[in-house]
Amino acid sequence: MSLIETDICIIGAGSGGLSVAAGAVQMGARVVLIEGGEMGGDCLNAGCVPSKALIAAAKAAQAMRDGARFGITPVEPEVDFGAVKDHVAQVITTIAPVDSQERFEGLGVQVIRDWARFTGPDTLEAGGQTIKARRFVIATGSRPLVPPIAGIETVPYLTNETIFALRDRPAHLIIIGGGPIGMEMAQAHRRLGASVTVIEGAKAFGRDDPELAAVALANLRAEGVEILEDAPVTTVSGQAGAIKVTLKDGRDVQGSHLLLAVGRKVHLDGLNLEVAGVTHDRKGIAVGPDLRSSNRRVYAVGDVAGGLQFTHVAGYHAGIVIRQIVLGLPAKTSTHHIPWVTYTDPELAQVGLTEAEARKAHGDALTVLRQEFAHNDRAQAEGKPKGLLKVMVVKGRPVGASIVGPQAGELIGLWAFAIASRVKMSAIAGMVAPYPTLGEISKRAAGAYFSPKLFDNPMLKRFVRLVQRFLP
Ligand SMILES: Cc1cc2nc3c(=O)[nH]c(=O)nc-3n(C[C@H](O)[C@H](O)[C@H](O)COP(=O)(O)OP(=O)(O)OC[C@H]3O[C@@H](n4cnc5c(N)ncnc54)[C@H](O)[C@@H]3O)c2cc1C
Ligand SMILES: NC(=O)c1ccc[n+]([C@@H]2O[C@H](COP(=O)([O-])OP(=O)(O)OC[C@H]3O[C@@H](n4cnc5c(N)ncnc54)[C@H](O)[C@@H]3O)[C@@H](O)[C@H]2O)c1
């Protein structure tokens, strides 16, 4: 077994690992990157990319049903489910070169295609080689959680790792879990012609503001997605094509396919963390805000670091770790400025505190601004007037924003920037937004923060009357 000595050894070539590798090698560090599965990890192969490609196809199908308001005769689209999957595969193939072994080797990274396991605090084995590194970055991501439901071991089920390979449309897809995976897949499959039932043990879109979640839920239901909430599952039974899910209240739900979307389990299998002295639990590797583990040579980024599980968070983590292990500078993560978006129609987006969280944290110091999409001219023109922006403001600065509506994921960017940069509401109110754009809604919300001070102010009214009397 040969020995490789390097500055940085990264385990996992998904969103987090690839970002660390690309940054570190281009700044001059020697980097070894180890990947046991597919380059690109979950996001490219079984997560963000295929799900958004499927959602895009579903949106095209839905547009054909929704033409009436524009004077276009609605038609029920003919969906070639296999061809939709070709489109999904094509999108992955088009993006894949960016994450490929060839590209990273071209940048100067030594890529090893194998499953890594630690053999000591500063050594691991992969590809028949021993790798000794100054610093290690664990970026091994997560896998779908299979809940301990009675009967699950005997029933065929899908997860995000298998559903995108289905070539035949499920007649009736049952989805357990009403989080982002469950809800995005539910609407996409419904729009592509499947019957869909979502079974959620608590509340669907449970991490989002309930008022905004209700808007998205109403639209999914109107499109025919059956959503059962507060409905814990006790048993599953049946076989391929005939699945039965029994709820705690005794109801049975029958369907042809079952998708599990009940959260994630961090991927630590076979890493042999004990010999490396890396502490971990069910939620992930135990790290501080600097993402350093109990072994000072070992850091964790992305899903495996036990916090928010998003591709942009893995990328953010990568920047924090690169600063420390490449440049030797201190850096710490925070979460108050991290946005997330669920890509249903309407989209649901959040950054910072929700209204309930802000009320708890700031009490009477909180001002909540509300802007309906119905008052936005572009939303009206597009026939998408349903939606709401809420901005939580404390002492003239936003501390949270929640959006449900068309393009909510694009609109949240301004608020993510404002919160990260501590921008004042006056700066957003002073911005000139092009007309007619959905983005005007943000400026309008900021303007609304000042309108009581400007329009309901007797002192100002008296002052204006005085000025008017003396103005030449
Ligand atoms: C259906 C779905 C949709 C999603 N949509 C979005 C979205 O729209 N936006 C968003 O921000 N996030 C989304 N996510 C979440 C996003 O995919 C993850 O947060 C992101 O991929 C995490 O990146 P990571 O680098 O931590 O892990 P991963 O991308 O999972 O990469 C980990 C890599 O490590 C490898 N590995 C594991 N163990 C070892 C080992 N011992 N040795 C070598 N290699 C190993 C794995 O094979 C894998 O390639 C979605 C997730 C799913 C499941
Ligand atoms: N648009 C995006 O950014 C996006 C999309 C998909 C996934 N993701 C990431 O992937 C992660 C995983 O997504 P997810 O939807 O699987 O997980 P999740 O943890 O966000 O949601 C799972 C849901 O399943 C419910 N649940 C759990 N056990 C259950 C049971 N036995 N019966 C019924 N319901 C049950 C939970 O109450 C919860 O609402 C997300 O948290 C997110 O970080 C992001």
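Criteria and cut-off values
Residues numbered from 1 in each chain as written. Chains lettered and ligands numbered in written order. Predicted model: local features only at pLDDT ≥ 70, side-chain atom pairs only at ≥ 80, totals over all residues. Core = buried A, V, L, I, M, F, W, Y, C linked by C-beta atoms within 7 Å. Buried ≥ 20, exposed ≤ 12 C-beta atoms within 10 Å, placed from the backbone. Helix = DSSP H or I, 4+ residues; strand = E, 2+ residues; numbered from the N terminus. Domains from an automatic or database assignment. Contact = placed C-beta atoms within 7 Å. UniProt positions renumbered as here; feature names shortened; annotations may be inferred. Near = placed C-beta within 6 Å. pLDDT = per-residue confidence, 0-100. Nonpolar A, V, L, I, M, F, W, Y, C, P; charged D, E, K, R; others polar. Pairing = 2+ DSSP bridges. Axes fitted to C-alpha atoms, helices over the stretch in contact; angles between N-to-C directions. Parallel < 35°, antiparallel > 145°, perpendicular 65-115°, else oblique. Left-handed = near helix turned anticlockwise from the far one by under 90°.

## Here we look at the nonpolar core
Piece 1. One finds Ile 175, Val 198, Leu 259, Leu 348, Ile 412 and Trp 415 to be the most contacted residues of the largest nonpolar core, which totals 80 residues.
Piece 2. Ranked by residue count, the leading element in this core is helix H12 (residues 408-420), at eight residues.
Piece 3. Here this core spans two domains, since at least three of its residues come from each of domain 2 (152-263) and domain 3 (339-455).
Piece 4. When residues no more than four places from it in sequence are discounted, the contact partners of Val 198 are Ile 175, Gly 178, Gly 182, Met 183, Ala 186, Ala 204, Val 225, Ile 227 and Leu 228.
Piece 5. Ile 8, Met 39, Ala 126 and Val 313 belong to the second largest nonpolar core, which has 54 residues in total.

## Quick look at the UniProt feature "domain: FAD/NAD(P)-binding" (unreviewed entry) in the protein chain
Piece 1. Following the UniProt record, the feature "domain: FAD/NAD(P)-binding" (unreviewed entry) maps to residues 7-317 here.
Piece 2. Helix makes up 30% of residues 7-317 and strand 25%. Its end C-alpha atoms lie 19 Å apart.

## Quick word on the domain arrangement of the protein chain
Piece 1. When its domains are assigned, the protein chain resolves into domain 1 (2-39 + 100-144 + 265-325), domain 2 (152-263) and domain 3 (339-455).
Piece 2. Placing the centre of domain 1 and that of domain 3 at their C-alpha centroids yields a distance of 37 Å.

## Digging into the site of ligand 2
Piece 1. Neighbouring residues of ligand 2: 27 residues in total, closest Gly 177, Gly 179, Gly 201, Gly 263 and Gln 309.
Piece 2. Elements with a minimum of two residues in the shell around ligand 2: helix H6 (180-191) and strand S19 (339-342).
Piece 3. If one sorts the elements of the shell around ligand 2 by residue count, H6 sits on top with four residues.

## Overview of the confidence of the model for the protein chain
As a note on interpretation, predicted positions should not be read in detail where pLDDT is low.
Piece 1. For the protein chain, the average pLDDT comes to 97, and 100% of its residues sit at 70 or higher.
Piece 2. Among the prediction metrics, the complex's ipTM stands at 0.98, with pTM recorded as 0.97.

## Points about the UniProt feature "domain: Pyridine nucleotide-disulphide oxidoreductase dimerisation" (unreviewed entry) in the protein chain
Piece 1. The UniProt record annotates "domain: Pyridine nucleotide-disulphide oxidoreductase dimerisation" (unreviewed entry) at residues 338-445.
Piece 2. Along residues 338-445 one finds 35% helix and 31% strand; the C-alpha atoms at either end are 21 Å apart.

## Comments concerning the site of ligand 1
Piece 1. Near ligand 1, the surroundings consist of 36 residues, among which Gly 12, Gly 14, Gly 41, Gly 141 and Gly 302 are the closest.
Piece 2. Elements with a contribution of two residues or more to the shell around ligand 1: helix H1 (15-26), helix H2 (41-46), helix H3 (48-65) and helix H9 (311-325).
Piece 3. Of the residues that constitute the shell around ligand 1, the class distribution is 14 nonpolar, 19 polar and three charged.

## A closer look at the pairing of strand S6 (residues 129-138)
Piece 1. Pairing of strand S1 (residues 2-11) with S6, which is carried by nine bridges, proceeds in the parallel orientation. Bridge pairing in S6 links Thr 6 to Ala 133.
Piece 2. Joining the antiparallel neighbours strand S5 (residues 123-126) and S6 is a turn of two residues, in which Gly 127 adopts a positive phi near 60°.

## As for the packing of H3 against H6
Piece 1. In contact at an axis separation of 8 Å, H3 and H6 are set at 40° when each is read in the N-to-C sense. As far as their axial angle goes, H6 and H3 are oblique. By crossing handedness, the relation of H3 to H6 is classed as left-handed. The residues of H6 that touch H3, namely those facing Ser 51, Leu 54, Ile 55, Ala 58, Ala 61 and Gln 62, are Glu 184, Gln 187, Ala 188 and Arg 191.
Piece 2. When the residues that make up the contact of H3 with H6 are grouped by side-chain class, the tally is five nonpolar, three polar and two charged.

## Details of the environment of Asp 80
Piece 1. Topologically, Asp 80 is positioned in the loop between H3 and helix H4 (81-95).
Piece 2. C-alpha of Asp 80 to C-alpha of Arg 221: the two residues are 141 residues apart in sequence and 24 Å apart in space.

## Notes on the sheet that holds strand S23 (residues 397-405)
Piece 1. On the basis of which strands lie adjacent, the open sheet formed by five strands has the order S19-S20-S23-S22-S21 and antiparallel pairing. Each edge of the sheet is formed by a strand with only one pairing partner; in this case those strands are S19 and strand S21 (366-372). In this sheet, neighbouring strand axes are inclined to one another by 10° on average, regardless of whether the strands run parallel or antiparallel.
Piece 2. In this structure, strand S20 (residues 347-352) lies alongside S23, joined through six bridges in antiparallel fashion. The residue bridging Gly 352 from the neighbouring strand is Gly 400, located in S23.
Piece 3. Each of S20, strand S22 (388-394) and S23 touches helix H7 (residues 210-222); the most contacted strand, S23, lies at about 15° to it.

## Comments concerning the sheet that holds strand S13 (residues 252-255)
Piece 1. Overall, antiparallel pairing links the three strands, which are arranged S11-S12-S13 in an open sheet. Whereas interior strands pair on both sides, the edge strands pair on one side only; in this sheet they are strand S11 (233-239) and S13. Averaged over all neighbouring strand pairs, the angle between strand axes comes to 15°, with direction disregarded.

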